[in-house]
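Chain residues, written in single-letter form:
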Amino acid sequence: MGKKSSIFSVGMFLFCGGVLAQPATDIKKVKESKTTFQTSEHWKPETDVRADGVMVYGTLDKPGVTFEQRLRSWIDKGYNAEFMTGVAWGDYQDYFLGKWDGVETHLKNETQRDRQGKDISHGHLVPYIVPTESFIRYMQEKQVKRVIDAGITSIYLEEPEFWMRGGYSDAFKSEWAKYYHFPWRAQHESPENTYLSNKLKYHLYYNALDKIFTYAKEYGRSKGLDIKCYVPTHSLINYTAWQIVSPEASLASLDCVDGYIAQVWTGTAREPNYYNGVKKERVFETAFLEYGCMKSMTAPLNRKMYFLTDPIEDWGRDWLDYKTNYQATFAAQLMYPMVDTYEVMPWPDRIYQGLYKVAGTDRKERIPRDYSTQMQIMINTLNDIRTSSNQVSGTHGLGVLMANSLMFQRFPEHAGYEDPQFSSFYGQVFPLLHRGIPVEIVHMENLPFKESFKGLKVLVMSYSNMKPMKPEYHRYLADWVKSGGALVYCGEDVDPYQTVLEWWNTDGNNYKAPSEHLFEELGLSARPGDGTYTCGKGKVVVIRKDPKHFALQAGGDLSYFSEVARMYKDRTSKDLVTKNNLVVKRDPYVIAAVMNESVSSEPLKLTGLYIDLFDKDLPVLAEKVIHPGEQGYLYDLRKISGQSKAKVLCGASRVYDEKIDKQSYSFVAKSPANTTNQSRILLPKQPVKVLVNGKEEQPVEKMWDNRSKTLLLGFENDPAGVQVYIQW
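Being a predicted model, the structure only gives us computed values, none of them experimental. (Residues numbered from 1 in each chain as written. Predicted model: local features only at pLDDT ≥ 70, side-chain atom pairs only at ≥ 80, totals over all residues. Heavy atoms only, no water.)

1. Considering the side chain of E290
Piece 1. Take E290: it is sitting in helix α9 (residues 283–298).
Piece 2. The side chain of E290 is buried and forms no salt bridge, while R270, the nearest opposite charge, is found at 11 Å.
Piece 3. There is a polar contact of 3.1 Å between the side chain of E290 and the side chain of T268.
Piece 4. With residues up to four places along the chain from it excluded, the contact list for E290 reads S235, I237, N238, V264, T268 and A269. (Helix = DSSP H or I, 4+ residues; strand = E, 2+ residues; numbered from the N terminus. Buried < 20%, exposed > 50% of the residue type's maximum accessible area, 1.4 Å probe, protein only. Lys, Arg positive; Asp, Glu negative; His and termini not counted. Salt bridge = Lys/Arg side-chain N within 4 Å of Asp/Glu carboxyl O. Polar contact = N/O pair within 3.5 Å; in protein donor to acceptor, adjacent residues only side chain to side chain. Contact = heavy atoms within 4.5 Å.)

2. Observations concerning the pattern of salt bridges
Opposite charge on two side chains permits pairing when their charged atoms draw close.
Piece 1. In total, this model carries 41 salt bridges according to the counting rule given.
Piece 2. Among the salt bridges present, the one from D149 reaches K145, with a minimum N-O distance of 3.1 Å. With D149 and K145 both in helix α4 (residues 133–149) and 4 residues apart, this pair spans about one turn of that helix.
Piece 3. Using a relative accessible area of 28% as the deciding quantity, one classes K145 as partly exposed.
Piece 4. One salt bridge in this structure joins D258 and K217, with 2.8 Å as the shortest N-O distance. Placement of the pair is D258 in the loop between β12 (244–245) and β13 (259–262) and K217 in helix α6 (residues 191–222), with a sequence separation of 41 residues.
Piece 5. Its relative accessible area of 17% is what places D258 among the buried residues.

3. Some thoughts on the sheet that holds strand β39 (residues 722–727)
Piece 1. Strand order in the open sheet formed by 5 strands is β32-β33-β39-β35-β36, with antiparallel pairing between adjacent strands. Two strands bound the open sheet, and with one partner strand each, they are β32 (654–660) and β36 (695–696).
Piece 2. Relative to β39, strand β33 (residues 664–670) runs antiparallel, the two sharing 6 bridges. By the bridge assignment for β39, V668 is matched with Q723. (Pairing = 2+ DSSP bridges.)

4. Quick notes on the packing of aromatic side chains
Piece 1. Here the structure, examined in full by the defined rule, presents 54 aromatic pairs.
Piece 2. Between Y95 and F96, the ring centres sit 5.9 Å apart and the planes meet at 65°, which makes this aromatic pair edge-to-face. Judged on exposure class, the residue Y95 and its partner F96 are both buried.
Piece 3. On the numbers, 6.0 Å between centres and 80° between planes, the contact of F422 with Y426 is edge-to-face.
Piece 4. Of the residues examined, F422 reaches a relative accessible area of 0% and is grouped as buried.
Piece 5. Pairwise contacts between aromatic rings join W319, Y322, Y326, F330, Y356, Y371, Y589, F614, Y633 and Y635 into one cluster.
Piece 6. The positively charged end of K548 is found above the aromatic ring belonging to Y417, 4.2 Å away from the centroid. (Phe/Tyr/Trp six-rings, centres within 6.5 Å; stacked < 30°, edge-to-face > 60°. Lys NZ or Arg CZ within 6 Å of the ring centre and 35° of its normal.)

5. Points about the environment of Y560
Piece 1. Here Y560 lies in helix α17 (residues 558–572).
Piece 2. You can call Y560 buried: its relative accessible area is 1%.
Piece 3. Residues Y560 and Y156, 404 residues apart in the sequence, show an inter-C-alpha distance of 41 Å.
Piece 4. Beyond its immediate chain neighbours, meaning those up to four positions away, Y560 contacts G427, Q428, P431, L432, V460, C490, I543 and F550.
Piece 5. Among the polar contacts listed, one links the side chain of Y560 to the backbone oxygen of Q428, at a separation of 2.7 Å.

6. Brief notes about unusual backbone geometry
Piece 1. Cis geometry is found at the peptide bond from F411 to P412, where omega equals -5°.
Piece 2. Tracing the chain through its elements places P412 in the loop between β20 (398–402) and α13 (423–433).
Piece 3. The residue after D587, namely P588, is reached through a cis peptide bond having omega 0°.
Piece 4. Positioned with a positive phi, R50 is a non-glycine residue whose angle comes to about 70°.
Piece 5. In this structure, R50 sits in the loop between β4 (35–39) and β5 (53–57).
Piece 6. Although it is not a glycine, Q421 sits at a positive phi angle of roughly 50°.
Piece 7. For Q421, the location among the structural elements is in the loop between β20 and α13.
Piece 8. Of the residues examined, Q421 reaches a relative accessible area of 22% and is grouped as partly exposed.

If you want it as C-alpha cells, here you go:
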C-alpha cells in the first residue's frame, strides 16, 4: 500500500516537482520538537510559551511584517521553527482571485458547496476547497517551496476536511467523472450516491497530501534538507460525529507522511453523545477514546504522534468551563504512556490576550492569573514527562473495530435509518469504558499488520455504521479468530448502505451484505443468527441488534456487556474487572480519572506524598481524593531517589542554565509576561538564603515543606528570564 517517493535521476540532476536541482550529498537532519505550539503571530513577550518548537502559521505577509520576519522573530528567541497551514482552507486569496495563475474561476468552481448552492466556509470568509490539481500545484509552489526556502524542515498541513454536506460544486462534479468514469450523481438521491460521494472526498485529500508532501520531500532533498511532513487532524471519531470526511488512517501508509497531531480538545470532546439513554457531554470519556483512536491509527507503522490540548476552545465560554474541561482532556491524553510528544496549545494570542467571561457574570477579562499559573505548570510537565511501559489500570485485551468508511454514511439519512449522535459507535465502547475497562480502538485499515492484533482477546465490530473497503480485511479477521481470538459481531445489517455499489456485490460477488462474506471466511453460514459459534481455536458471537440501541436505551447495554464478559472469560479464564476509575503511573507522574455513570459512586483515594499539579499553589498532600466526574494529576514524591540533587520538580516557568554546587543551586526561569510563577523546588536541606533577581525572599521558613524537602517559590514571570539563587 505504501508509495515510494518518486525521485529519479536525469543525467547529473534531480527532478523535483518541476525544479531541476543539483543532487545533495549531505542531508541536514531535522531537529524534532518534543513540545510545540501554533501561532500566526510574531514573537511577543506575552506569548513566549517556551515549548521546544513553534509552528508558524501561514505564509501570508501582514502589514509591517513578512512571513520570513515572523519566522525569524521566533528563531531569535531560541525556538525550533516549523510551519503549519490549512490544506482544505486558508487565506489563499492569490489563488482564488487568479493572481497566481491568471485563472479567475477558482473561487466560483472549486469551493465545497452544499445542495442549496451555498459555499461552505471555515469561519465567515475562508472557503473550504475541492483539492484540484491546480490547487495542489499552488500549495507546492507558493506555500511549500517558500517555507523550505526559508529554512523550514518540519511542515504541518492541517485538517484535510471535506464536509459530507458538500459535493455539489463544478470542480467536484469534474473530479467525480474522472474518478468513477461516469457522470456525477447528487449524493442526496440515494445511499449509493452518498457512499460514492464521500469515498471520493476521502480519495481527493489522500491524493492531495500524497502529492504535496512528496514534492516537499523531493524539493527539500534538492537543497540538502530532510523534510518531515505531518498531518494535524481530528480523530476519526470526531470527524464521523461532525459529518466530515478525511483520509485519516490511510495516510499512515504513505512514505511521505511522518506523523500526525491528534487534534483533540474541549471542542471535540464535548460533542454530546448517548449512554444509558441519556444525551449529554462526556468530555473525559470522549477525549480518552479520541486519543486512543489516534494512537492506534499509527501504532503498527510507528509514525510520530503529537497529542494536542487547548486551555480554551473555539467557542466563547467562561474561564471556569475552560479550566474544568482542560483538566479532563489533559488527563485523557496522559492516559497513553506510549506518547510523550505534544502540541501544548494552539493560538496562544487568544489564550493569553483574548477576553472571555468570568463564570456567573457577563463580565469579560483576560486569563485569570490563577488559571495561567496552573496551565503553565501543566504545560511544563510535558517537557519532562517520558514514555512508559506502564499500562492504564483495568482489564486489557478488549478492542472495537473502526474503519475510515464510518465517514461515508453519516449524512444525509436515507430510508428512515438514523444513528443519533454516532450512537452505533458509542454503543460498542461506552458499556466497557464506563465500567473502567480501557477499551482499545483497532483500525480496519491496519489489519494487514500483525501488531494490530497484539494483546487482543476480544474484538467487537459492526457493519451498521461502516463497511469494509477491501475483502482481504475479512481474511485477516478470520485468521485471527481461527488462531484463538473471539469476535463479537453486532448488527442487523439492515441499514440502506448494505447494498451500495462495492466489491461484495460486483465482479462476480453477489453478497447482500458485506458481513455475509466475513461469515463465509469464518466458515459459517452467510447469515448466522444470534448465538456463539466455534471457528478453529476461536469463537464468534453474533448479536443481531444494532449497537446504537446499547447506548440509546436505558440499560440497553446489559446483555451486550454480558456477552463480551463471557467471551473474555472463555479466552482468558479470567473475569472482567469493573470499576469506576482509570489510573496510570508515568514516573513520577500519576494520572487518574473517576467516571460517573459507572459501577460505583465512590471517590478514589490515593495515599502517599504528592504534589497536586492541578492546583496552582502546588500543595504537598498525603492523600488525594478524586470524586466521580473529576480527574487528578500528581507528582509522586516517593519516586525521588534518596540523595537527589537540587531540582525544580514543577513550576509555571521553564528552567534554564541550572548550576548546582555543594551549598547552592541557581537557575534561570522563563515564561510569558504578565503571568505568575509558582515552583516547587527539591533541596538537600532547608535553605538559609533565597534570591530572586538579586533580591532576598523572606521568610524562607514559611516557603519550606520539611516532609517533601521542597521549597515553594513564587514570583512574576519574565520571558527574558528570572535569576534564582538558593543557598543552604
